[in-house]
Amino acid sequence: MALSSSLLTFLPQSDGYLPYFLLFLSTFAVIHTAVCYTSPPEVSMKQFSGPERPPPNALLAHVYGVKNVYTALIRGYAAYHMSNPQLYSLGMASFAGVIFLNGTELLVYRTARPKESAPTLIMSGSALLWMALQRQYYTGL
């Protein structure tokens, strides 16, 4: 019992489920960063398998991994500081950026396919909408 209660102290202390969702997505981004650096590019860049995709290579996988690191950091900080309007806005911007990235890769550049883009677009879109709807509750603005 003591171990579980001590682990709970590491979770965000804000009310509601949104901070946990942000922490979950942040953790997912860290895991995908590890995949980008340790797996072959064909595996780590599977999301970009559309008809116009460039050949998978380590540099592209590493750049994508770095993008995941900074989005994980932004979302992680936002999860622990939900009342900070600047961090909250930055968290929202990270999701808008992911929607823009995946949307343009899918619709404009055709380097991604709907099957691989859908989970990212759904999760990011849901998070952005949830954060927009809860902004006043968490930040008071």
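Residues numbered from 1 in each chain as written. Predicted model: local features only at pLDDT ≥ 70, side-chain atom pairs only at ≥ 80, totals over all residues. Heavy atoms only, no water.

A. Inspection of the pattern of salt bridges at higher detail. Applying the stated rule across the entire model yields one salt bridge. Its salt-bridge partner being R113, residue E116 comes within 2.6 Å of it at the nearest N-O pair. (Salt bridge = Lys/Arg side-chain N within 4 Å of Asp/Glu carboxyl O.)

B. Local environment of the UniProt feature "transmembrane region" (unreviewed entry) in the protein. Look at the UniProt record and you will see "transmembrane region" (unreviewed entry) annotated at residues 20-38 and 86-108. With 100% helix and 0% strand, residues 20-38 has end C-alpha atoms that lie 27 Å from one another. The span residues 86-108 shows a helical share of 96% and a strand share of 0%, and its end C-alpha atoms are spaced 31 Å apart. (UniProt positions renumbered as here; feature names shortened; annotations may be inferred. Helix = DSSP H or I, 4+ residues; strand = E, 2+ residues; numbered from the N terminus.)

C. Looking closely at helix α4 (residues 58-80). For α4, with 23 residues, the first-to-last C-alpha span of 33 Å sits near the 33 Å given by 1.5 Å per residue. Buried within α4 are the following residues: A61, Y64, G65, K67, N68, T71, A72, I74, R75, G76, A78 and A79. Of the surrounding elements, those touching the buried residues of α4 are α2 (18-38), α3 (41-44) and α5 (85-107). Of the residues flanking the start of α4, the one acting as N-cap is N57, its side-chain oxygen 3.1 Å from the backbone nitrogen of L59. (Expected span 1.5 Å × (residues − 1). Buried < 20%, exposed > 50% of the residue type's maximum accessible area, 1.4 Å probe, protein only. Contact = heavy atoms within 4.5 Å. Polar contact = N/O pair within 3.5 Å; in protein donor to acceptor, adjacent residues only side chain to side chain.)

D. Spotlight on the packing of α2 against helix α6 (residues 114-139). At a minimum axis distance of 11 Å, the contact between α2 and α6 shows a crossing angle of 145°. Relative to α6, the crossing made by α2 is left-handed. Along its contact with α2, which presents L18, P19, F21, L22, F24 and L25, the element α6 presents M123, A127, W130, M131, Q134 and Y138. Here the residues of the contact of α2 with α6 are counted per class, giving 11 nonpolar, one polar and no charged. (Axes fitted to C-alpha atoms, helices over the stretch in contact; angles between N-to-C directions. Left-handed = near helix turned anticlockwise from the far one by under 90°. Nonpolar A, V, L, I, M, F, W, Y, C, P; charged D, E, K, R; others polar.)

E. Seen up close, the nonpolar core. Ranked by internal contacts, the top residues of the largest apolar core, which has 14 residues, are L18, L22, M82, Y88, F95 and M131. Counting residues per element, the ones that place at least two in this core are α2, α4, α5 and α6. Top element by residues in this core is α2. It accounts for five residues. Dropping the residues within four chain positions of it, M131 is found in contact with L18, L22, Y88, G91, M92 and F95. Counting residues in hydrophobic clusters, the runner-up holds six residues, among them C36, M45, F48 and A61. (Core = buried A, V, L, I, M, F, W, Y, C linked by side-chain atoms within 4.5 Å.)

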